[in-house]
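# Coordinates in review
Here is how the chains run, residue by residue.
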Amino acid sequence: MKYEYSKYDPKQGSMDEARALLTKAAQNAMKNGDLPEKELPDFIVEVPGDVKNGDLASNIAMLGARVFGMPPRKIAEAIVKNAPSLKDSCFDRLEIAGPGFINIFMTANWFGGVLLFVDAEGADYGKTDFGAGKKVNVEFVSANPTGPMHLGNARGGALGDCLAESLKWAGFDATREFYINDAGNQIAKFGKSLSARYMQLFDESYAFPEDGYQGADIATLAKEFADINGEKYVTETDEARQQAIIDYALPKNIDALKADLAKYRINYDVWFKESELHKGAVADVLKILADRGATYEKDGAIWYKSMDYSVKYGANQNTRKGLDGEVTEENKDEVLVRANGIPTYFAADIAYHYNKFAVRGFDTAIDVWGADHHGHVARMKGAMDAVGLDGEKLDIVLMQFVRLMQDGKPVKMSKRTGKAITLSTLLDEVPIDSARFQFNMREPGSTMDFDLDVAVAEDTNNPVYYVQYAHARICSILKALAAEGIDCTKDAADSHFWLLTEDAEKELLRHIAGFPSEIISAAKSYDPARITRYTTELATLFHKFYNACRVKEADADLRDARIALCKGTKTTLCNALSILNVSAPEKM
RNA sequence: GCGCCGGUAGCUCAGUCGGAUAGAGUGUUUGGCUACGAACCAAAAGGUCGGGGGUUCGAAUCCCUUCCGGCGCACCA
C-alpha cells in the first residue's frame, strides 16, 4: 500500500479539503438565506499554534465581516450551521472561537494515520517530489586556497551542505560544488608572499610585500619548499621562483581544504577550478558580451555596461555628491579586462556561471556568499541577462558574519595578520555534531555569535545533546520494553491510534506530520536552520509526551499505540538529523 | 551620500501570504525520580516588538518617516 504524504500532512492535503468544506458550507448558508448572496472573500486555512484552537483554523468569518455586513461571529455561526455532514470525513468537528475563527478538529484516527505512513516510508519519510528533479547547483565555501579556512567558512559549510541535502529531500537534483580560485591576483600575491618568506630564510633583510599574506602557514610552506630545494631558487628570476613555489604549495593547500571539509562531513560532487576557465571559456564569454553590445573600451580596458543590465536586480542608483556638492551620475561600470590584458575576477565569474547554466544545464544555481559580497549580487545576475541567459535563475544566499564568543566576550581576530581561528583548529576542539548543529541554528541573514564554551560543552547547555538525548531515550524505552517481553516490532497498522488523545500525543503527531512540508519550506526559502529548529521542537514535544504519558504501564492497546508513536518519532528524528548530517546515538 | 542586512524578555534568538493571551533557549525563583534515561519535565517572573505616523474589524508582520548597529560602493576577490 502506497501512502500519499500529503494526505497525512495537515499543512498540505487536509488544508484543501478544509477549504472545500468551508466554501461548501458558506454556499449552503447563502442558499438557505443565513448569509446574503455575495462573493466569498479570499480566506486562509492555517495550522494554529495551539492545539486547543483546533488542528486547522480559518479566518473566513472575519474577512467576511465587510462583504456580508455582519459581525464575524454571526457569520461563523451561519457557516458552521450549514456545513455538510462530517461523517466518514477526516474532520471530527468545527468550533467557533475568539473573534470569529472557525477551528477545525481532525479525527483522532486521521491523526494517527501519519504513523502508518512514517512506518511505511521509514528512512525515506520526509522525502517528496516537490522539486520535480530540477537540477540545482549549490556552490558554497569556495575559500581561497591561499590559506586555511576560518569561522565564516565553517558557517558557510554547514549552511551549504544542509541546504543541498534539504533540496535533495525536497525532490531536487542538487549538486554540491566548490569553486577553487586558483588563478588571478590573489594567487600572484600568494606566490610573492611565499617567495619572500623563502628568500628570508637566506637573507633576513629581504623585503616582505606590504599587502602579502602574513599567516604562519605561508612561512611554514616556504620552509618546506626550502627543505626540499635548498638555495636552488634564490638565484632564479622572481617569476620563476614564484611559479615554482606556487606549484609546490597550491596543491598542498587544496588538499588541506578537501581534508578539512571531509572531516567536517562535507563531500563535494564537483571541485571546479577557476584556472580551467582561462583556457578559453573566459574569452568566449567576453566575445558573447561584445557581440551583444554589452561592453565598450575605455582607457585601454574593456568595460561592462553594468547599469544597462543590473537595474532590475536592485543595483545601486549611482548618485553621489560631486566635489562641488552637486548630485551627479557616476559611472559604476565594471572592468572585464584590465589595461594590462588580464581579465578580472568578474570576467571569470561570468564565464563560471555561464558554464553552470549554458554548458552544464543547471536549472538553478545557488551561491552561498559572505555578506561582504552583496554588492556583487545585482551585477552578477545582470551579467547573466547580458550573456543571454536568465539572471532570475541565479540565487545568492548572503550569509552574515560570525563572531566568536568566549567567556561571554567576542574574541578579537584579524584576517590581515592571520590571527584567526581556523576551521581545522575549531574541529579539533569542538565535536563535529556540535559545530554543524550550532552553525545551522540561525538563518543565514542573521549575524551569529558562535559560543565556543557552549559548543565545547558536552552537557545540557549544548542544544545538540538535547535533541540527541530524545533519540537515545526512545531507544532506551524500546529496549526496556523488549526486555520485559513486550513486542515492539509489530507493524504500525495493528495499533489503535484513536487512543492517542492526550494533548501531548496530538501535538507530537501533528509535528511529525508536518515534517515533509517543513523540508519543502527549508528548500524554498534556502534556510536549513528550519530543520535544526524542527529537530529541537520535535525533541521538546517528545520529552513532554514522555513526562505526561507512560508507555509501559498503559493498557495493552494504548501501550502499543504509544510504542508506534515512539517509533514514528524516532524515525522522524533520525531522518531530520540525517539532513543535518548529525549523528543520532542510541545511547549517550 | 547611495545601497544591502539587522533592531522582539537581562542575554542569544524564533515568529512577515496581517489573526486568538507576541513564543523558545539561557539566566533568576520554586516544584517533580522507590519511575520507560532528571542530559528531562512543570510553574512563576521577565515586553512601550528601536521611535513616530498611516492603511483596517485586526499590525512584530504591509506603507511612509526617523534613530541605532553591521557590511558594501576598486583596472581587489
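Up top is the structure.
Now for a look at the structure at hand. The shown structure was predicted, so the numbers you read here are calculated from the model rather than taken from an experiment. (Residues numbered from 1 in each chain as written. Chains lettered and ligands numbered in written order. Predicted model: local features only at pLDDT ≥ 70, side-chain atom pairs only at ≥ 80, totals over all residues. Heavy atoms only, no water.)

Locating Ala351 in the fold gives a position in helix 12 (residues 345–359). When the C-alpha positions of Ala351 and Leu194 are compared, they lie 29 Å apart, and in sequence the two are 157 residues distant. Setting aside its immediate chain neighbours within four residues, Ala351 contacts Leu277, Ala281, Val282 and Val285. (Helix = DSSP H or I, 4+ residues; strand = E, 2+ residues; numbered from the N terminus. Contact = heavy atoms within 4.5 Å.)

What follows concerns the environment of Asp451. Relative to the helices and strands, Asp451 resides in strand 17 (residues 448–451). For the pair Asp451 and Arg403, spaced 48 residues apart in the sequence, the C-alpha separation amounts to 8.4 Å. Aside from chain neighbours lying at most four places away, what touches Asp451 is Met405 and Gln438.

On to the side chain of Asp260, then. Relative to the assigned elements, Asp260 resides in helix 8 (residues 238–263). As a buried residue without a salt bridge, Asp260 has its nearest oppositely charged side chain in Lys263, at a separation of 6.0 Å. Apart from the residues within four sequence positions on either side, Asp260 is in contact with Met149, Leu423, Ser424 and Leu427. (Buried < 20%, exposed > 50% of the residue type's maximum accessible area, 1.4 Å probe, protein only. Lys, Arg positive; Asp, Glu negative; His and termini not counted. Salt bridge = Lys/Arg side-chain N within 4 Å of Asp/Glu carboxyl O.)

Inspection of the region around RNA strand B gives 59 residues, with Phe101, Lys332, Arg338, Tyr469 and Arg473 positioned closest. Near-protein atoms of RNA strand B (within 4 Å) split between backbone and bases, with sugar and phosphate holding 63%. The side chain of Gln400 places a nitrogen or oxygen atom 3.3 Å from a sugar or linking oxygen of RNA strand B. Looking at the surface near RNA strand B, the elements with two or more residues in it are helix 2 (60–68), strand 4 (101–106), helix 6 (185–200), strand 10 (319–321), helix 17 (463–483) and helix 20 (529–548). (Near = heavy atom within 4 Å. Polar contact = N/O pair within 3.5 Å; in protein donor to acceptor, adjacent residues only side chain to side chain.)

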